[in-house]
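Per-entry structural report
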2 protein chains.
Amino acid sequence: MKKLINDPDDVVDEMLEGMVAAHPDRLRRLPDTQVLVREDGPVEGKVALVSGGGSGHEPTHGGYIGDGMLDGAAAGDVFSSPTADEFEALIDACDAGEGVLAVVKNYEGDVMNFDTAIELAEMEGVDVAEVVVDDDVAVEDSLYTSGRRGVCGTILVHKAAGAKAAEGADLDEVQRVAQKVIDNVGTMGTALTSCVTPEKGEPTFDLGDDEIELGIGIHGEPGTERTETMDADAITEELAGEVLADLDLEAGQEVVTIVNGMGGTPEMELFVVNRRLQEVLADHDLETWDAWVGEYMTSLDMAGCSVTVCAVDDELKDLLAAPADTPALTVR
Amino acid sequence: MKKLINDPDDVVDEMLEGMVAAHPDRLRRLPDTQVLVREDGPVEGKVALVSGGGSGHEPTHGGYIGDGMLDGAAAGDVFSSPTADEFEALIDACDAGEGVLAVVKNYEGDVMNFDTAIELAEMEGVDVAEVVVDDDVAVEDSLYTSGRRGVCGTILVHKAAGAKAAEGADLDEVQRVAQKVIDNVGTMGTALTSCVTPEKGEPTFDLGDDEIELGIGIHGEPGTERTETMDADAITEELAGEVLADLDLEAGQEVVTIVNGMGGTPEMELFVVNRRLQEVLADHDLETWDAWVGEYMTSLDMAGCSVTVCAVDDELKDLLAAPADTPALTVR
């Protein structure tokens, strides 16, 4: 498999250099780490919002650093958690004295290392709170995970909690908003092809030419069902059906949706999925307040997509529509 | 090859439906056409900026419709020019009485059909001007093209000319700015894999597991050289070297760069390319004023990238930094 990389051992380091070179006015790298923080941070008087996890999911999380979203993010090696030391460096660098909210995707490594980092930071007097995102409705436990996995719904947490922090809310309030998104969001994904990690250089799992995997994880972890290839409408109905069954929303509920590309799928196909998704929501008497389509949380070069639905009230709508200015997401 | 589509014959129609469903506040589809226009258009008192071309290059062009960029765009079938009738409907729908600038990528079908549409529109009294983008430095003539091909530099034309039109400039001035970008921009791309069109369902061209194609076109047209796979630094040096040789810039010149993904390449790899690109520019004593990294003009699911360099003066910097609000590009 061919990739635009040099030595696979250097890929995360070189990616981070390339990100800072693209956004020198927005991003700063903490020396001798894989941690990126706001160039203008820490922001006085503001609760800091931080996240992190394995690399290979770009623009997650570094792409969401900036005004109205994250103050910083730690990048692990490909599909590997950052160390507790890196998470601690992240928290320390972002704290402006108002406290720090850590947004953690539910993978055992991330949770364990973030927890250790939080303990260490608290011993140094930093006020830290944590939320754990577990929006993947596909499977209850999986490779690397106890409980449900944290996937693309995380970006809505970054956006809403980031906007709340930008308003000057205190740590409890920022945490409350983050948890409110988590309590109201569900996601399910599918893979048409496996991803290929730079290190291994060949597919992480085998998928036949006429097979797809439903409920796939963002590291290629097994899903719920391996099935024959279906058309986009049928796949969309499966994914949306599972998410809506889990959320169990009342008729008339307003929602935000995300059709998220896994890295190797053309935008054309994501819009084809969005077309059917909006029909399915209308069939369920749900009202789409906003529909996001794009690559928000990828899995290297995997072909496929995920569907996210999040119920929103007036508070979440205001926060999701608030201005943001980051490499990957700008809202005017 | 597996794709998130239904009937291949419906893919453009369903994509356009999915785009409007995602952006009902921004985009409107002209009935019985594949033309998208600004939902709030035509904008009184403003020169209209329009473009179009074959589908499969998303977010080009529909993703750039909105405040500060395009007023509308015609989408052809996959890799096929829109008809003259569709281009004419586009021009008519966008004209607010101040004239229309058509931004045409240099492919024979696009040029011929846009020219016919312009003649028809002018007969109905619409003032239309045209610029032809031919930024691909790789080959002089190619499949579908006399002269150089128009590729990713087109997005800088949309941005700068769109900002000029938004300022209230007249048609001559908007055209002058568009041409100024064209006169100062160069691009070259590479393919690591072939794209697969929905209709054909298999690779457009054969490329061995250890081969890449340099100078590739965005429809898989032949490039300048088929060579053994190289690492990202070597590929970047090749692409940037050809572009810089063509532009022949003076030391100290400020530039905007784009590392553009072809559709199937993870963002991680694009940043690895950007890292080396910025080093190469520094070696040439060029000053990067802004560096764009992302998927701006794709070729379905092709893995690979293109490198664009555009020399900028104060006027172009102001226009490129001006606010824009479109599905694919927002500038605060």
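An account of the accompanying structure is given in this report. Values in this document were obtained by computation on a predicted structure and should not be read as measured data.

Looking at the interface of chain A and chain B
Between chain A and chain B, the residue contacts involve 59 residues of the former and 59 residues of the latter. Carbon and sulfur atoms supply 62% of the area buried between chain A and chain B, which totals about 4,800 Å² over both sides. Applying the counting criterion to the chain A and chain B interface returns 10 salt bridges. In this structure, Arg275 of chain A engages Glu14 of chain B in a salt bridge whose closest nitrogen and oxygen atoms are separated by 3.9 Å. Counting every contact that joins chain A to chain B gives 20 residue pairs in polar contact (both at pLDDT 80 or more). Contributing elements (two or more residues each) for the side of chain A that touches chain B: helix H1 (11–22), strand S8 (211–214), helix H6 (232–247), helix H7 (267–283), strand S11 (287–294), strand S12 (304–311), strand S13 (324–325) and strand S14 (330–331) of chain A. Per element, the largest residue contribution to the side of chain A that touches chain B is 10 residues, and it comes from H7 of chain A.

A short note on a negative patch on the surface
Residues and elements named next belong to chain B. A surface patch of like charges, here negative, comprises Asp115, Glu119, Glu122, Asp127, Asp170 and Asp172. At 3 residues, helix H3 (residues 108–123) tops the list of elements feeding residues into the negative patch. By the secondary structure assignment, Asp170 is in the loop between helix H4 (154–166) and helix H5 (171–183). Among the residues examined, Asp170 registers a relative accessible area of 45% and is labelled partly exposed.

What about the sheet that holds S12 of chain A?
Residues and elements named next belong to chain A. With respect to topology, 6 strands assemble into an open sheet ordered S9-S8-S7-S12-S10-S11, the strand pairing being mixed. Two strands bound the open sheet, and with one partner strand each, they are strand S9 (225–228) and S11. Pairs of neighbouring strands in the sheet enclose a mean axial angle of 20°, with direction left out of account. With 7 bridges joining them, strand S10 (residues 254–261) and S11 adopt parallel strand pairing.

What to know about the sheet that holds strand S7 (residues 185–191) of chain B
All names here are of chain B. Taken in spatial order, the 6 strands of this open sheet run S9-S8-S7-S12-S10-S11, and their pairing is mixed. Bordering the open sheet on either side are strand S9 (225–228) and strand S11 (287–294), each of which pairs with just one other strand. Strand-to-strand twist across the sheet, computed as the mean angle between neighbouring axes with direction ignored, equals 20°. Two strands pair when backbone bridges link them, and strand S8 (residues 211–214) and S9 are joined in this way by 4 bridges, in the antiparallel orientation. Within S9, the position partnered with Leu214 by the bridge is Glu225. On the sheet, helix H7 (residues 267–283) packs against strand S10 (254–261), S11 and strand S12 (304–311) and is oriented at approximately 155° with respect to S10.

Considerations on the relation of the copies chain A and chain B
Look at the two chain copies: a rotation about an axis and a shift along it is all it takes to match them. When chain A is fitted to chain B, the best match, at an RMSD of 0.0 Å, comes from turning it 180° and sliding it 0.0 Å along the axis. Such values leave the two copies arranged in the relation of a two-fold axis. If distances are taken from each C-alpha of chain A to the rotation axis, the shortest is found for Gly264 of chain A, at 2.1 Å. When the interface residues of chain A are mapped onto chain B, 100% of them are again interface residues, pointing to one common binding face.

What to know about the layout of surface pockets
In this structure, the second largest pocket occupies an estimated 1,000 Å³ of space. Met1, Thr193 and Asp301 of chain A together with Met1 and Thr193 of chain B are, among the 38 residues lining the second largest pocket, the residues nearest its centre. Taken together, the residues of the lining of the second largest pocket break down into 16 nonpolar, 10 polar and 12 charged.

Description of the packing of aromatic side chains
We describe a pair of aromatic rings using the distance from one ring centre to the other and the angle between the two ring planes. Under the defined criterion, the tally for this structure stands at 4 aromatic pairs over all chains. A ring pair is formed by Trp292 of chain A and Tyr296 of chain A, whose centres lie 5.4 Å apart and whose planes are at 45°; its orientation type is tilted. Tyr296 of chain A gets classed as buried once you look at its relative accessible area, which sits at 12%. Ring centres of Phe87 of chain B and Phe114 of chain B lie 3.6 Å apart, and the angle between their planes is 20°; on these two criteria the pair is classed as stacked. Placement of the pair is Phe87 of chain B in helix H2 (residues 84–94) and Phe114 of chain B in helix H3, with a sequence separation of 27 residues. Take Phe87 of chain B and Phe114 of chain B: they sit in the same class, and that class is buried.

Cut-off values and rules
- Residues numbered from 1 in each chain as written.
- Chains lettered and ligands numbered in written order.
- Predicted model: local features only at pLDDT ≥ 70, side-chain atom pairs only at ≥ 80, totals over all residues.
- Heavy atoms only, no water.
- Contact = heavy atoms within 4.5 Å.
- Buried area = accessible area lost by both parts, 1.4 Å probe.
- Salt bridge = Lys/Arg side-chain N within 4 Å of Asp/Glu carboxyl O.
- Polar contact = N/O pair within 3.5 Å; in protein donor to acceptor, adjacent residues only side chain to side chain.
- Helix = DSSP H or I, 4+ residues; strand = E, 2+ residues; numbered from the N terminus.
- Patch = residues over 30% accessible without salt bridge, like charges linked within 9 Å, V, L, I, M, F, W, Y side chains within 5 Å.
- Areas by Shrake-Rupley, 256 points an atom, 1.4 Å probe, with all protein chains shown as cover.
- Lys, Arg positive; Asp, Glu negative; His and termini not counted.
- Charge placed at Lys NZ, Arg CZ, Asp CG, Glu CD.
- Buried < 20%, exposed > 50% of the residue type's maximum accessible area, 1.4 Å probe, protein only.
- Pairing = 2+ DSSP bridges.
- Axes fitted to C-alpha atoms, helices over the stretch in contact; angles between N-to-C directions.
- Least-squares fit on C-alpha atoms with pLDDT ≥ 70 in both.
- 1 Å grid on protein atoms, 1.4 Å probe; cavity = no way out; pocket = protein on both sides within 12 Å on 5 of 7 lines; lining within 4 Å.
- Points joined across faces, edges and corners; volume = space filled by probe spheres on them.
- Nonpolar A, V, L, I, M, F, W, Y, C, P; charged D, E, K, R; others polar.
- Phe/Tyr/Trp six-rings, centres within 6.5 Å; stacked < 30°, edge-to-face > 60°.

Coordinates in, geometry out; function isn't part of it.
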